[in-house]
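# Descriptive analysis of the structure
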Amino acid sequence: MEFAKEAGMPAVNDEDLLLALLNSAPIEAGRMTDQLASDVGSDLALRLGGTGSDAEAARLRATRSALHVIVRGSVGVREATRELSAILDSTVLEPRVTNRGVDWEVQAPADDRLAARVVLAWSSVEKQFPGRLRPCANSECNLFLLDHSRPGTAKWCSMAACGNRMKARSYASRARG
């Protein structure tokens, strides 16, 4: 389900928005980074169609954290679910009829709108592609993927990075054994 964007907002596909938020805490040089911290976070939020405010960045970090817990199936799913529910407390979807059908416009306070869109995108992905949103199989990676492959067997966020690295490790392990 695509949600209508406000006039003047960048056209960011909801799946891309979801993955951009989930993958905004990558591991670089062995350390987790946070692309939603300080000015970098404001820039990321603005590129994704948000306000770029500190309050919005904080809401996006909370959303990302809750989604990480839920998608990974980590301890604390109940609390994470409550966090996502709280994000949608002040959100309303308004229908808008167009020549293509009905578009749903997200109505929420400005600093909450982007986080609400992410939660709605996650819900839509879970319904359309159950089990296809998953963390990268590389334990040293903190990124996520949405598997659109026909068999649904994708394991890595990137074949060029994590996939090759993991296959090389597996080969080396077999060669030693």
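Keep in mind that what you see is a predicted model, and the values were worked out from it rather than measured. (Residues numbered from 1 in each chain as written. Predicted model: local features only at pLDDT ≥ 70, side-chain atom pairs only at ≥ 80, totals over all residues. Heavy atoms only, no water.)

## Here we look at the confidence of the model for the protein chain
Low-pLDDT portions of the prediction should not be read for the details of their coordinates. Going by this rule: One confidence number per residue, pLDDT, is output by the predictor and ranges from 0 to 100. Every helix listed is a DSSP run of H or I at least four residues long, and every strand listed is a run of E at least two residues long, numbered separately from the N terminus.
Taken over all residues, the pLDDT of the protein chain has a mean of 88, while the share at 70 or more is 89%. The least confident element of the protein chain, judged by mean pLDDT, is strand 1 (residues 3-4) at 53; the most confident is helix 4 (residues 77-87) at 97.

## A few points about the environment of A58
Summarising the element assignment, A58 is placed in helix 3 (residues 54-72). For A58 and A115, which are 57 residues apart along the polypeptide, the C-alpha to C-alpha distance reads 9.8 Å.

## Overview of the environment of E105
Just so we agree on the cut-off: Relative accessible area decides the class of each residue, using a 1.4 Å probe on protein chains only: under 20% of the type maximum gives buried, over 50% gives exposed, and in between gives partly exposed. For the purposes of these results, a polar contact is taken to be a pair of N or O atoms within 3.5 Å, where, inside protein, one atom must be able to donate a hydrogen and its partner to accept one; residues adjacent in sequence count only when each atom of the pair is a side-chain atom.
Summarising the element assignment, E105 is placed in strand 5 (residues 101-107). Since its relative accessible area comes to 17%, E105 is described here as buried. In this structure the C-alpha to C-alpha distance between E105 and V92, which are 13 residues apart in sequence, comes to 8.2 Å. There is a polar contact of 3.0 Å between the side chain of E105 and the side chain of R96.

## Digging into the side chain of D103
As for its position among the elements, D103 is in strand 5. Here R100 takes part through its side chain, which lies 3.0 Å from a polar atom of the side chain of D103.

## Let's talk about the pattern of salt bridges
Here is the rule: In the sections that follow, a salt bridge refers to a side-chain nitrogen of Lys or Arg positioned within 4 Å of a carboxyl oxygen of Asp or Glu.
Within the structure shown, the criterion is met by eight salt bridges. As a salt-bridge pair, R96 and D103 come within 3.9 Å of each other at their nearest N and O atoms. A relative accessible area of 36% places R96 in the partly exposed class. Judged by relative accessible area, D103 falls into the buried class, the value being 16%. Taken together, the shared-partner salt bridges connect R96, R100, D103 and E105 into one network.

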